[in-house]
Amino acid sequence: MDIPKTITCVDCGQKAHIMTPEPEFGFSGGDWVAYRCSGCGDRWDLEVSHDNHNSENSSL
Ligand SMILES: [Zn+2]
């Protein structure tokens, strides 16, 4: 599963770079990925969303 190598820090607007090395078989839904902001140094943890691109019509 592709996950972003950088995200935008919501605090300062700088790029936050991924810290967690990609597992041998890639990330999967439910994994947690840590980012470190290059601006303010904050850490951000994101949960990898589950792969559901075969059901584009979400029926909530
Ligand atoms: Zn920041």
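Starting from 1, residues in each chain are numbered consecutively following that chain's sequence as written. Side-chain atom pairs in this predicted model are given and counted only at pLDDT of 80 or more, local residue features only at pLDDT of at least 70, and totals for whole chains, interfaces and linings cover all residues.

Thoughts on the overall build of the chain
Right, so step 1: Counting its regular elements, the chain contains zero helices and four strands.
Right, so step 2: Starting at the N terminus, helices and strands are each numbered in turn, a helix being any DSSP run of H or I of at least four residues and a strand any DSSP run of E of at least two. In sequence order, the chain lays out its α and β elements as β-β-β-β.
Right, so step 3: Exposure is read from a count of other C-beta atoms within 10 Å of each residue's own; the residue is exposed at 12 or fewer, buried at 20 or more and partly exposed in between. C-beta atoms are placed from the backbone. Scored against the burial criterion, the 60 residues of the chain give a buried share of 5%.
Right, so step 4: Whether two residues are in contact depends on their C-beta atoms, placed from the backbone: they are in contact if these lie within 7 Å. Considering only residue pairs separated by 6 or more positions, the chain has 32% of its internal contacts joining residues 24 or more positions apart.

As for the sheet that holds strand β4 (residues 43-47)
Right, so step 1: Note on pairing: DSSP must find at least two bridges between two strands before they are called paired. A sheet is described by the order of its strands in space; here four strands give the open sequence β1-β2-β3-β4, paired in antiparallel fashion. For this open sheet the edge positions go to β1 (6-8) and β4, each flanked by a neighbour on one side alone. Each strand of the sheet is rotated relative to its neighbour by a mean of 35°, with strand direction disregarded.
Right, so step 2: In this structure, β1 lies alongside strand β2 (residues 15-18), joined through three bridges in antiparallel fashion. Only the stretch in contact is used when fitting a helix axis, every axis being a line fitted to C-alpha atoms; angles between N-to-C directions are given from 0 to 180 degrees.

What about the confidence of the model for the chain?
Right, so step 1: Known as pLDDT, the predictor's confidence for each residue is given on a scale from 0 to 100. The share of residues in the chain with pLDDT of 70 or more is 83%, and the mean pLDDT across the chain is 88.
Right, so step 2: When the elements of the chain are averaged for pLDDT, β4 gives the smallest value, 96, and β2 the largest, 98.

Concerning the pairing of β4
Every regular strand shows the same layout, with side chains that alternate between the two sheet faces.
Right, so step 1: Burial runs low along β4: only zero of the five residues are buried.
Right, so step 2: The pairing of strand β3 (residues 32-37) with β4 spans five bridges and is classified as antiparallel. Looking at the pairing, Y35 lines up with W44 of β4.
Right, so step 3: Adjacent in sequence and paired antiparallel, β3 and β4 are bridged by five residues, among which G41 carries a positive phi angle near 85°.

Looking at the pairing of β2
Right, so step 1: The loop that links β1 with its antiparallel partner β2 comprises six residues; one of these, G13, has a positive phi angle of about 85°.
Right, so step 2: As defined by bridge partners, β2 adjoins β3 across three bridges and the pair is classed as antiparallel. Bridge assignment links A16 to a residue of β3, and that residue is C37.

Quick word on the environment of V10
Right, so step 1: Here V10 is to be found in the loop between β1 and β2.
Right, so step 2: Take V10: there are 10 C-beta atoms within 10 Å of it, and that puts it in the exposed class.
Right, so step 3: Here the alpha-carbon distance between V10 and W44, two residues 34 residues apart in the chain, equals 9.7 Å.

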